[in-house]
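# Coordinates in review
The residues making up each chain are set out below.
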Amino acid sequence: MAEPLLALRGVGAGYGEAAVLHDIALEVAPGEAVALLGRNGTGKTTLLTTILGAGPRLRAGTIRFAGRAIERLPSERRAALGLGWVPQERNIFRSLTVEENLTAVARPGPWTLARVFALFPRLAERRRNPGGALSGGEQQMLAMGRALMLNPRLLLLDEPTEGLAPVIVQGLLAAIARMVREEGLAAILVEQHARLALPVTDRVVILDRGRIVHAGPSAALLAAPEVAERHLGLHHAATPDP
Ligand SMILES: Nc1ncnc2c1ncn2[C@@H]1O[C@H](COP(=O)(O)OP(=O)(O)OP(=O)(O)O)[C@@H](O)[C@H]1O
């Protein structure tokens, strides 16, 4: 197999005295989408920020990205190598227009304003509106669009559907699926709800108290809701809502 795009080996990380991640091994191939699931507070965000170099100091292990050891690089260098980030808090520029938000950060590559607008037609309609005037769902689209304009090789998405209405959630997931399946972008998607993340990803990793307790194909976990239930609890498991 060709070298993975991202490879973590034996990664441990934590805040102060508190260890949060233990012995994490994780690989993402080019063009692959990985769901990162787990109950609240199990370390999902910490794992993403550890990969980005924006989280706690690494205590153990190595992180390779695009053929290089990156664990000692500052976050800007990791971003320049192609690590993209859509944070949970959707940090868009509220006073800039939608279009300005997108063009302010653009870097050359396949993702252009036209392609972001094609993925999110709603953003094209709102292009002259300030970011602060957008709905929650539109702000999430803008946060994703901004990350794409940086033309990452791997996009890390932290609970992009959180707090949004079901119809908006379905639209965002469809956009994520297109990004991955049609455009070939690799991604790690942190989600609370397995049933939302599994259909749009190739593989799934479940964290529990900072350790990986399950890793495998997303389709296999969808077909085994009892496994998801064991690790995630009934509420977050893969079975559809009644
Ligand atoms: N800046 C920080 N300083 C100290 N402890 C932190 C910090 N950020 C997170 N933690 C702790 O690290 C653990 C993992 O938190 P993290 O946010 O990574 O979990 P999560 O799985 O993303 O949870 P959620 O789904 O609630 O976002 C928690 O116990 C949390 O309290």
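Analysis parameters
Residues numbered from 1 in each chain as written. Predicted model: local features only at pLDDT ≥ 70, side-chain atom pairs only at ≥ 80, totals over all residues. Pairing = 2+ DSSP bridges. Helix = DSSP H or I, 4+ residues; strand = E, 2+ residues; numbered from the N terminus. Axes fitted to C-alpha atoms, helices over the stretch in contact; angles between N-to-C directions. Contact = placed C-beta atoms within 7 Å. Near = placed C-beta within 6 Å. Nonpolar A, V, L, I, M, F, W, Y, C, P; charged D, E, K, R; others polar. Buried ≥ 20, exposed ≤ 12 C-beta atoms within 10 Å, placed from the backbone. Arc of directions from axis to C-beta.

## Regarding the sheet that holds strand S9 (residues 203-208)
By way of backbone hydrogen bonds, the strands of a sheet pair with one another, either parallel or antiparallel. A sheet is described by the order of its strands in space; here 6 strands give the open sequence S6-S7-S8-S3-S9-S10, paired in mixed fashion. At either margin of the open sheet sits one strand with a lone partner, and together these are strand S6 (83-86) and strand S10 (211-217). With strand direction ignored, the average angle separating the axes of adjacent strands in the sheet is 15 degrees. Note: S6 against strand S7 (residues 154-158), 4 bridges, orientation parallel. Paired with Leu83 across the two strands is Leu154, which belongs to S7. Contacts between helix H6 (residues 136-149) and the sheet are confined to S6 and S7, with S6 contributing the most and set at about 170 degrees to the helix.

## Concerning the site of the ligand
The environment of the ligand is formed by Tyr15, Val20, Gly38, Asn40, Gly41, Thr42, Gly43, Lys44, Thr45 and Thr46. Broken down by element, the shell around the ligand gets its largest block of residues, 3 residues, from helix H1 (residues 44-52). Taken together, the residues that form the shell around the ligand break down as 2 nonpolar, 7 polar and 1 charged.

## Thoughts on the environment of Thr42
Secondary-structure assignment places Thr42 in the loop between strand S3 (33-37) and H1. Among the residues examined, Thr42 registers 22 C-beta atoms within 10 Å and is labelled buried.

## With respect to H1
By the burial criterion, the buried members of H1 are Lys44, Leu47, Leu48, Thr50 and Ile51. Looking straight down H1, one finds its buried side chains confined to an arc of 160 degrees; they lie on one side.

## Examining unusual backbone geometry
Backbone geometry follows two general trends: most residues other than glycine have a negative phi, and most peptide bonds adopt the trans configuration. Its identity is not glycine, yet Asp23 carries a phi of approximately 50 degrees, on the positive side. Although it is not a glycine, Asn151 adopts a positive phi angle of roughly 50 degrees.

## Points about the sheet that holds strand S4 (residues 58-65)
As summarised here, the arrangement of the 4 strands in space is S2-S1-S4-S5, forming an open sheet in which the pairing is antiparallel. Unpaired on one side and paired on the other, strand S2 (18-28) and strand S5 (68-69) mark the two borders of the sheet. Against the sheet, H1 engages strand S1 (6-15), S2 and S4, with an angle of about 70 degrees to S2.

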